[in-house]
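An overview of the molecular structure
Listed below are the residues making up each chain.
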Amino acid sequence: MMRVLFQLLILVLPWFVRRPLLNCIPGFAIHSDARVGRSVLAVPVLTLGAGAVIGHLTLVKGLSRLVLENGAQLGNLNWVTAVPLSASGHFQHVHDRDPGLIIEQHAAITHRHLIDCTGGVRIGAFATFAGWHSQVISHSFDFRASRQDAAPVVVGAYSFVGSRCILLKGSTLPDRSVLGAGSVYEAQETAPLGLYRGNPAARVGELPEDLGYFHRTTGFIA
């Protein structure tokens, strides 16, 4: 709560003043070339690499850590939450649970998404969580055991997620793959270069390896 209050108090200050103040918060490490908009980051560990950007009006709470590697982006109006490790009675059977969000180098989550990081979420290098109104749901109800369960969600390197998609607990979208708009994805695929779509999403095609998107050396496509 003190971290949140402090951030709210300094929110109106210009970035060149606000960045060194944020770096005074224990657990925060913000590169001099990174930038945070008018957003609130209620996390114990924040790491922003060179060129990393967090947009405006994004709320991050309940996570164990938020990491944006060099050139990574987390856009505007995103709601990023998790059931924290300190929540007694929840997910005690998931011993290695890490409710964090890792956005690897030059990857991007765009705007107006809902990201549940209870089981952990990783967006691979140069991947794009694109469009708007997509969701990651990394925990769900286990009816057999009559309890909540959680598992990581991974979007592979150089992959692309379209608008209004839902990625469910434990799902892995392979490297250099595309998830079509409006899809519900719950698979744990590993073979790259796949086109997925539908509800539940299935592999419906193969992608050529020579697509320019798969060979970028810089990040988000403007």
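Not measured: the values here are computed from a predicted model.

Definitions and cut-offs
- Residues numbered from 1 in each chain as written.
- Predicted model: local features only at pLDDT ≥ 70, side-chain atom pairs only at ≥ 80, totals over all residues.
- Heavy atoms only, no water.
- Helix = DSSP H or I, 4+ residues; strand = E, 2+ residues; numbered from the N terminus.
- Buried < 20%, exposed > 50% of the residue type's maximum accessible area, 1.4 Å probe, protein only.
- Polar contact = N/O pair within 3.5 Å; in protein donor to acceptor, adjacent residues only side chain to side chain.
- Contact = heavy atoms within 4.5 Å.
- Pairing = 2+ DSSP bridges.

1. With respect to the side chain of Ser 64
One can find Ser 64 in the loop between β6 (59–61) and β7 (66–68). A relative accessible area of 19% places Ser 64 in the buried class. A polar contact is formed between the side chain of Ser 64 and the side chain of Asp 98, at a distance of 2.7 Å. When sequence neighbours within four positions are dropped, the list of residues in contact with Ser 64 reads Pro 44, Val 45, Leu 85, Asp 98, Pro 99 and Gly 100.

2. Examining the environment of Val 204
With respect to the helices and strands, the residue Val 204 is situated in strand β25 (residues 201–206). On the accessibility criterion, Val 204 (44% relative accessible area) is partly exposed. Residues Val 204 and Ala 29, 175 residues apart in the sequence, show an inter-C-alpha distance of 42 Å. Non-local contacts of Val 204, meaning those with residues more than four positions away in its chain, are made with Leu 195 and Arg 197.

3. A closer look at the pairing of strand β16 (residues 139–142)
With four bridges connecting them, β16 and strand β17 (residues 147–150) associate as antiparallel partners. Counterpart to Phe 141 in the pairing with β17 is Gln 148. Hairpin connection of β16 to β17: four residues between the antiparallel strands, including Ser 146 at a positive phi of 55 degrees.

4. Observations regarding the pairing of strand β24 (residues 194–198)
Pairing analysis gives two bridges linking strand β22 (residues 178–179) to β24, with the strands arranged parallel. From the neighbouring strand, Leu 179 faces β24, where its bridge partner is Tyr 196. Relative to β25, β24 is paired through five bridges, and the arrangement is antiparallel. Bridging across to β25, Gly 198 finds its partner in Ala 201. The antiparallel hairpin formed by β24 and β25 contains two residues in its connecting segment.

5. Re the sheet that holds strand β10 (residues 101–103)
Backbone-to-backbone hydrogen bonds join strands into a sheet, with any given pair of strands oriented parallel or antiparallel. The seven strands are arranged β1-β4-β7-β10-β13-β18-β21 in an open sheet whose pairing can be described as parallel. Of all strands in the sheet, those bounded by a partner on one side alone are β1 (28–30) and β21 (172–173).

6. Points about unusual backbone geometry
Where the residue is not glycine, phi is negative for most of them; where a peptide bond is considered, it is trans in most cases. Backbone torsion omega between Asn 199 and Pro 200 reads -5 degrees, so that peptide bond is classified as cis. Of note in this structure, Phe 91 is not a glycine but carries a positive phi near 60 degrees. Within the fold, Phe 91 resides in the loop between β9 (79–81) and β10. Positive phi, normally seen in glycine, also occurs at His 106, with a value near 60 degrees. With respect to the helices, strands and loops of the structure, His 106 is situated in the loop between β10 and β11 (108–109). Of the residues examined, His 106 reaches a relative accessible area of 21% and is grouped as partly exposed.

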